[in-house]
Amino acid sequence: MEHDLSPAALAELRRPRPYPAVSVLTPTHRREPDNAQDAVRLRNAIAEARKQLEDDPAVTRERRLDVVRELDRALAEVDLTHAEDGLAIFAAPGEHQVWTLARPVPERVVLSDTFLTRNLVAAQAAERPFWVLSVAADRVTLWNGGGDRVVEERAGGFPMDRAPEEFDPERQEQIGDAPSTFRDEGVRRFLREASAAMDKVLRARPRPLYVTGPEAALSLFQEAGTITANAVLVPHGGLAHGTAEAVRQAVRPVLDDEARGAVEAVARELEAARGRKDFAAGVDELWESAHTGRVRLLAVEENFRVTMRNDGDHLMPADSGDLDAREDIVDEIVEQCLETGADVRFVPDGALNDVDGIAGVLRY
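Helix and strand counts for the protein stand at nine helices and 16 strands. Each principal axis of the C-alpha distribution contributes one length, and for the protein these read about 75 × 60 × 40 Å. The buried share of the protein, reckoned over its 364 residues, is 49%. Pairs at least 24 residues apart make up 67% of the contacts formed inside the protein by residues separated by at least 6 positions. Summed over all atoms, the accessible surface of the protein reaches about 17,600 Å², with 48% contributed by carbon and sulfur. With 45 positive and 67 negative side-chain charges, the protein shows a separation of 3 Å between the mean positions of the two kinds.

Structural data, given as structure tokens:
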């Protein structure tokens, strides 16, 4: 199952497909007892997709059988023991993908000529993905983080290990931590190579970077390249050989401090916008502003969800059983704002009580 939505992966998902491109979305749960019905709901959603394919006169028998095979293969790949808050299955002639999301999704089956990506985009934005690079004299490890999750990233040449024959055991008593180690030219060259490799990762998948390591390693790594100019340094040795949980614990205080500061900054921007009359609030107003590209900053409470329907001029509250209901209207607004270059910030529940969970600063 896929989790990390890189720009390249998103571009590939948005590529038009031969009809029908099937999107199956279903809520999942991380823990008991809520996850007891996940398997049943997933099978029912796949059954609904098969039914829609069967009933659609625009789908030939050959193409229907092709897509059904892909749906079955996707279903076989789902591992609900590692479920998060939502699941997206995409299937089209000759291909399928399974994505797990750290944000709830509505239960939907959609046949179109593109996959439904708005929920993935909103989940990625809410998760605030980041990189952690753990540096030592003999090893540099890259970690992929987001939300409350950190996993090792084996891409871009990472992890990088320095060849054992390059070490002089008489000069180096403790690899990675002894200050004298970092005066060695071989170590300097190794860290320059790691910096260059991380620069390529950031160009392909830009996100905040945190660099961990002993003080001597961080000092030398700053000299090795330019990537630390926009990075946060976290003095903590041993993580290049450590576990994902140890890395998560090391960076969590820094992330929490930044999150608190970001929420306060959003509150100040929204308050200033009220005085300038470029403030917008509520789903209806922001849906219209998002689709005209007017939103510069969008603030959304982390678990804010609302079901609406479009009556032609405005969005109106609706029940989930309404055939015209749009249960993921918030995710649609988030995706549209990101498409037009807006800064999207998710804030704790209750932070936007006075504006019904969603607000924005307009460009004009």
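Quick look at the side chain of Ser23 now. On the secondary structure map, Ser23 appears in strand 1 (residues 21-27). In terms of polar contacts, Ser23 uses its side chain to reach the backbone amide nitrogen of Leu116, at 2.9 Å. Those residues within four positions of Ser23 in sequence are excluded, and the remaining contacts are Ile89, Phe90, Arg108, Val109, Val110, Thr114, Phe115 and Leu116.

Turning next to the pattern of salt bridges. Pairing between side chains of opposite charge can happen when their charged atoms approach one another. Under the counting rule described, the total for this entry stands at 38 salt bridges. With its nearest N and O atoms 2.5 Å apart, the salt bridge here joins Glu339 to Arg14. Linking Glu339 in helix 9 (residues 329-339) with Arg14 in helix 1 (residues 7-14), this pair joins segments that are 325 residues apart in sequence. The partner of Glu70 in a salt bridge is Arg73, and the shortest N-O contact between them spans 3.0 Å.

For the rest of this paragraph, the subject is the sheet that holds strand 4 (residues 108-112). The strand order 3-2-1-4 describes an open sheet built from four strands, whose pairing is antiparallel. What marks the edges here is a single partner per strand, and that holds for strand 3 (95-101) and strand 4. The mean angle between the axes of side-by-side strands here comes to 10 degrees, regardless of whether they run parallel or antiparallel. Two elements, strand 1 and strand 4, share five bridges in a ladder whose sense is antiparallel. Counterpart to Leu25 in the pairing with strand 4 is Arg108. Taken strand by strand, helix 2 (residues 38-55) contacts strand 1, strand 2 (86-92) and strand 4, and its axis lies near 155 degrees from that of strand 1.

The tally for this structure, following the rule as stated, stands at one cavity of 30 Å³ or more. A volume near 70 Å³ is recorded for the largest cavity. Along the walls of the largest cavity sit His3, Leu5, Trp99, Thr100, Leu101, Ala102, Leu120, Ala123, Gln124 and Glu127, which together make up its complete lining. Going through the elements one at a time, strand 3 and helix 4 (118-127) are the ones with two or more residues in the lining of the largest cavity.

This next bit is on the pairing of strand 7 (residues 149-152). The sheet contact formed by strand 6 (residues 139-146) and strand 7 spans four bridges and is antiparallel. If you follow Asn144 over to strand 7, its bridge partner there is Val151. Where strand 6 hands over to strand 7, the hairpin turn is made up of two residues, of which Gly147 adopts a positive phi near 60 degrees.

Here we take up the nonpolar core. Counting residues in hydrophobic clusters, the biggest one holds 25 residues, and the most contacted among them are Leu133, Phe158, Leu191, Met198 and Leu209. Among the elements that take part in this core, helix 5 (residues 185-204) stands out by supplying eight residues, more than any other. Core analysis: the second largest hydrophobic core is formed by 24 residues, Val283, Val300, Cys337 and Val344 among them.

With that out of the way, let us pick up the packing of helix 4 against helix 9. Two numbers describe how helix 4 lies on helix 9: the axes approach to 8 Å, and their chain directions differ by 75 degrees. Between helix 4 and helix 9, the interaxial angle falls into the category roughly perpendicular. Only Asp331, Glu332, Val334, Glu335 and Leu338 of helix 9 make contact with helix 4, whose side of the interface consists of Arg118, Asn119, Val121, Ala122 and Ala125. Within the contact of helix 4 with helix 9, the residues separate by chemical class into five nonpolar, one polar and four charged.

Moving on, we come to the confidence of the model for the protein. Across the protein, the average pLDDT comes to 90, with 94% of residues at 70 or higher. Segment residues 169-177 is flagged for pLDDT under 50; beyond a separation of four residues in sequence, or across chains, it makes 17 contacts in the model.

Counting across every chain of the model gives two aromatic pairs. Taking 4.9 Å as the distance between ring centres and 25 degrees as the angle between the ring planes, the aromatic pair formed by Phe90 and Phe115 counts as stacked. In this pair, Phe90 is assigned in strand 2 and Phe115 in the loop between strand 4 and helix 4, connecting sequence segments 25 residues apart. Judged by its relative accessible area of 0%, Phe90 is buried. The class for Phe115 is buried, based on a relative accessible area of 5%. Measuring from centroid to centroid gives 5.7 Å for Phe130 and Tyr210, while their planes differ by 85 degrees, and the two rings are edge-to-face.

Criteria and thresholds
- Residues numbered from 1 in each chain as written.
- Predicted model: local features only at pLDDT ≥ 70, side-chain atom pairs only at ≥ 80, totals over all residues.
- Heavy atoms only, no water.
- Helix = DSSP H or I, 4+ residues; strand = E, 2+ residues; numbered from the N terminus.
- Buried < 20%, exposed > 50% of the residue type's maximum accessible area, 1.4 Å probe, protein only.
- Contact = heavy atoms within 4.5 Å.
- Areas by Shrake-Rupley, 256 points an atom, 1.4 Å probe, with all protein chains shown as cover.
- Lys, Arg positive; Asp, Glu negative; His and termini not counted.
- Charge placed at Lys NZ, Arg CZ, Asp CG, Glu CD.
- Polar contact = N/O pair within 3.5 Å; in protein donor to acceptor, adjacent residues only side chain to side chain.
- Salt bridge = Lys/Arg side-chain N within 4 Å of Asp/Glu carboxyl O.
- Pairing = 2+ DSSP bridges.
- Axes fitted to C-alpha atoms, helices over the stretch in contact; angles between N-to-C directions.
- 1 Å grid on protein atoms, 1.4 Å probe; cavity = no way out; pocket = protein on both sides within 12 Å on 5 of 7 lines; lining within 4 Å.
- Points joined across faces, edges and corners; volume = space filled by probe spheres on them.
- Core = buried A, V, L, I, M, F, W, Y, C linked by side-chain atoms within 4.5 Å.
- Parallel < 35°, antiparallel > 145°, perpendicular 65-115°, else oblique.
- Nonpolar A, V, L, I, M, F, W, Y, C, P; charged D, E, K, R; others polar.
- pLDDT = per-residue confidence, 0-100.
- Phe/Tyr/Trp six-rings, centres within 6.5 Å; stacked < 30°, edge-to-face > 60°.

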